[in-house]
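If you want the building blocks of each chain, they are given just below.
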Amino acid sequence: MPSASVRRILLKLSGEALGGASGSGIEPEVLARYAADVRDLVGAGIQVALVLGGGNLFRGAPLAAAGMNRVTGDHMGMLATVMNALAMGDALERLGIPARVLSALPMGPVCEDYSARAAVGHLEQGRVALCAAGTGNPFFTTDSAASLRAVEIGADLLIKATKVDGVYSADPMKDPAAVLYPRLTYNQALREGLGVMDATALVLCRDQGMPLRVMNINEPGALLRLIRGEPVGSLVEAGD
């Protein structure tokens, strides 16, 4: 059974994760595996909202370095997140899980317009709500969008799914002496410059009292164990 304190979550999944080992494009087997994880959460009675990044389809940094307008690049990135959300929504529907894509950029023939009221309505009807196109504004990351959406829909927990086991004192891929933090505060993450989320996302979660769990999405069954109350990954919460 899920933890009594967690009934509604927002899951942030990077676009690169959908690309599998290469981190680019959409790998069908990887997409199906993540969709199955979400199906298991829904089957356990959890209301699930999703925010997906778009880095597997579009990376603005190289083009920005070559002179592309930042606002144009950010809008292209938002469209990439819509594509990923549509792919995930389709994968969920094929597993029998009703899903709706809600975009912060209006595109009526493709998906619904985002509003917190609409997202909550879908969650309460047992549908997965896929919140796409970031915040709808340039200069904000999908981490910030995930934090904002989690607060707006009244999520009990924000989960950032990554390729590592949690938050480390340094990049564990580069520093073998890096230490895993099972528990830390937002202020600590900001002070130490830990690569949890960008500062805007961290401050929003801190100020709104939104707990954040950082975990390895590629560990089989980890999401369901987390929801059942096991200490998976790193917990980030308010405090000194």
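This text goes with the structure placed above it.
What counts and how
- Residues numbered from 1 in each chain as written.
- Predicted model: local features only at pLDDT ≥ 70, side-chain atom pairs only at ≥ 80, totals over all residues.
- Heavy atoms only, no water.
- Pairing = 2+ DSSP bridges.
- Helix = DSSP H or I, 4+ residues; strand = E, 2+ residues; numbered from the N terminus.
- Axes fitted to C-alpha atoms, helices over the stretch in contact; angles between N-to-C directions.
- Left-handed = near helix turned anticlockwise from the far one by under 90°.
- Contact = heavy atoms within 4.5 Å.
- 1 Å grid on protein atoms, 1.4 Å probe; cavity = no way out; pocket = protein on both sides within 12 Å on 5 of 7 lines; lining within 4 Å.
- Points joined across faces, edges and corners; volume = space filled by probe spheres on them.
- Nonpolar A, V, L, I, M, F, W, Y, C, P; charged D, E, K, R; others polar.
- Buried < 20%, exposed > 50% of the residue type's maximum accessible area, 1.4 Å probe, protein only.
- Expected span 1.5 Å × (residues − 1).

Asker: How should I be thinking about the pairing of strand β11 (residues 234-237) in this particular structure?
Answerer: Put simply, side chains in a regular strand alternate between the two faces of the sheet. As judged from the three bridges shared by strand β9 (residues 183-185) and β11, these two strands associate in the parallel manner. Bridging from a neighbouring strand, leucine 184 pairs with valine 236 of β11. Where strand β10 (residues 212-216) lies against β11, three bridges are found, and the strand directions are antiparallel. In the sheet register, valine 214 faces β11, and the bridge partner there is serine 234.

Asker: Which parts of the structure should I look at to understand the packing of helix α2 (residues 28-43) against helix α4 (residues 70-94)?
Answerer: The description of two helices packed together rests on the angle between their axes and the distance between the axes. In the contact formed by α2 and α4, the axes pass within 9 Å of each other and the chain directions differ by 65 degrees. Handedness of the crossing formed by α2 with α4: right-handed. Along the contact surface, α2 presents Leu31, Tyr34, Ala35 and Val38, while α4 presents Ala87, Met88, Ala91 and Leu92.

Asker: Explain empty space enclosed by the protein to me, please; I cannot follow it from the model alone.
Answerer: Empty space among the atoms becomes apparent when a probe as large as a water molecule is rolled across them. Here the structure, examined in full by the defined rule, presents one cavity of 30 Å³ or more. Counted as a void, the largest cavity has a volume near 40 Å³. Lining the largest cavity are Leu11, Leu13, Tyr34, Asp37, Val38, Leu50, Met88, Ile217 and Leu223. Among the elements that make up the lining of the largest cavity, the one with the highest residue count is α2 (three residues). Counted by class, the lining of the largest cavity contains eight nonpolar, no polar and one charged residues.

Asker: I'm lost on unusual backbone geometry in this one. Help?
Answerer: Residues apart from glycine generally show negative phi values, whereas peptide bonds are mostly found in trans. Of note in the backbone geometry, alanine 133 takes a positive phi value of approximately 70 degrees without being a glycine. Summarising the element assignment, alanine 133 is placed in the loop between β5 (128-132) and α6 (142-152). Overall, alanine 133 belongs to the buried group, its relative accessible area being 0%. You will see that phenylalanine 139, though not glycine, has its phi angle at about 75 degrees, which is positive. In this structure, phenylalanine 139 sits in the loop between β5 and α6.

Asker: Can you help me understand α2 in this one?
Answerer: For an α-helix the count is 3.6 residues per turn, leaving residues at separations of three or four pointing the same way. With 16 residues, α2 extends 22 Å from end C-alpha to end C-alpha; this agrees with the ideal 22 Å at 1.5 Å per step. Residues of α2 that are buried: Val30, Leu31, Tyr34, Ala35, Ala36, Asp37, Val38 and Leu41. Lining the buried residues of α2 we find β1 (8-13), α1 (15-18), β2 (47-52), α4, β5 and α9 (222-227). Two residues or fewer past α2, glycine 45 is found with a positive phi of approximately 90 degrees.

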